[in-house]
Each structure stands twice: as C-alpha cells, then as structure tokens.
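Structural features, examined
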Amino acid sequence: MAALVVSIFALLWILIVAVNSEVSSAGGGKLSSDPFEYCATVLNDDNPVQRFAGQAMPEEIVDGIRRAANLGAEAPEDWIARGTYWRCMDGSVYACFVGANLPCDEKADTSREPSGAMLSYCKDNQSSGTIPAVVAGRASMYEWRCRSGAPEIIRQISKPDARGFLSNYWYRLDRPVSVE
C-alpha cells in the first residue's frame, strides 16, 4: 500500500511539474512588451530581443533615438529602426544608432596594445598621422597614429559604460510622456 501511495504521489508530482513548466514556457518565457517596464524588471540585458515580449524595435525606442541622436523628422522610421540597437542598463532603456558605422553591437576595446592590423598598417605607413578606424577597430577607445613605423595612442576618445559599451554612442531614453 505504501508503494502505491508513493507511486501516486510521484505521478502527481510529475504532472504538476509538467503543467507548471508548460505555463512558464508559454510565450517563450518572454517578459513585458513595454521596453521601459521590461528594463525596470530585468535591470541589465545587453540583448533584450531574446526575452522581450514586444516588437523587436518598439516605436518608443525609434522615437526616442530620433530625438536623442538628432535624426531629423525627414529620416524614414524604417531606416532608423533598422539601424538602432537597444538594451537595458541599471533598469533604464539605452539606444544606439549605427549611423556612420558606429559599433553599437560591440563592447569597447580597452586594449592599449596595438593589433596585428595596426602593426602592419604602420609598417606600410611609417608616419601616418592617424590609423583609420577600419584598421584600429571601430570599438577602440583610443585614437591611434603611426610614429616611426610603430602604432601609438594619440588620445582616449571614449570610455566604457557600466556594461562595457562605448558610452559616447549610447543614449539613455526617457519614457515618452503620454498626452491625454
């Protein structure tokens, strides 16, 4: 009799776990469809597309980056949406618009050591006043040049934010004020 009770209990337990896991996976484990509520809930998420329940590029973010990055009213909404990345940092929504090849999808390169590409470039351009970003890397925090055939840092041009992205390309977006 005890074995039967244990077997029934085990079967019930399996059913409860199965039902609960089905409920929790409904919607793919997605959270809020409001990006501001989502970020307030998760605090930090470098790639919210995976768990965010709303549109991949919410209208509030497109409108927010348009204002923050001074993208004119004539800029097509779909163009802005295609070039915008968003994420959560410290419970707030942040957005970056790639524009002229900004590295929105990369963390800051904090290395002070020249890459192989920079060494090669300076070998061929002994006294170049600047190493192009395509060679130095768009995510580099530094402006580089060649001096006597060797890469050298000119100055620091950016710094990483709390999540490691280049802080000067990301804008903290405020929740739009609803007019009623």
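Refer to the structure printed above.
The rules behind the values
Residues numbered from 1 in each chain as written. Predicted model: local features only at pLDDT ≥ 70, side-chain atom pairs only at ≥ 80, totals over all residues. Heavy atoms only, no water. Helix = DSSP H or I, 4+ residues; strand = E, 2+ residues; numbered from the N terminus. Buried < 20%, exposed > 50% of the residue type's maximum accessible area, 1.4 Å probe, protein only. Pairing = 2+ DSSP bridges. Salt bridge = Lys/Arg side-chain N within 4 Å of Asp/Glu carboxyl O. Core = buried A, V, L, I, M, F, W, Y, C linked by side-chain atoms within 4.5 Å. Contact = heavy atoms within 4.5 Å.

**Describing the environment of Ile65**
With respect to the helices and strands, Ile65 occurs in helix 3 (residues 59–68). On a C-alpha basis, the gap between Ile65 and Phe97 in space is 7.1 Å, while along the polypeptide they are 32 residues apart.

**Side note on the pairing of strand 3 (residues 142–147)**
Within a regular strand, the side chains alternate between the two sheet faces. The side-chain alternation of strand 3 yields one buried face, formed by Tyr142, Trp144 and Cys146, and one unburied face, formed by Glu143, Arg145 and Arg147. Pairing analysis gives six bridges linking strand 3 to strand 4 (residues 150–156), with the strands arranged antiparallel. Its bridge partner lying in strand 4, Tyr142 is registered against Gln156. Counted along the chain from strand 3 to the antiparallel partner strand 4, the turn is two residues long, and its residue Ser148 has a positive phi close to 55°.

**A look at the pattern of salt bridges**
Enumeration according to the criterion identifies nine salt bridges in this entry. Ionic pairing is found between Asp46 and Lys107, a salt bridge with its closest N-O pair at 3.2 Å. Of this pair, Asp46 sits in the loop between helix 2 (35–42) and helix 3 while Lys107 sits in the loop between strand 2 (92–97) and helix 5 (116–124), and the two are 61 residues apart along the sequence. In this structure, the salt-bridge partner of Glu152 is Arg147, at a minimum N-O distance of 3.5 Å. You can call Glu152 partly exposed: its relative accessible area is 23%. On the basis of relative accessible area, Arg147 is assigned to the partly exposed category, the value being 47%.

**Focus: the nonpolar core**
Counting residues in hydrophobic clusters, the biggest one holds 18 residues, and the most contacted among them are Tyr38, Ile61, Ile80, Trp86 and Val93. For this core, the secondary structure elements donating two or more residues are helix 2, helix 3, strand 1 (84–89) and strand 2. Sort the elements by how many residues they give to this core and helix 2 lands first, with four residues. Filtering out sequence-adjacent residues up to four positions away, Ile61 remains in contact with Pro35, Thr84, Trp86, Val93, Ala95 and Leu173. Core analysis: the next-biggest nonpolar cluster, separate from the first, contains 12 residues, Ala108, Tyr142, Cys146 and Leu166 among them.

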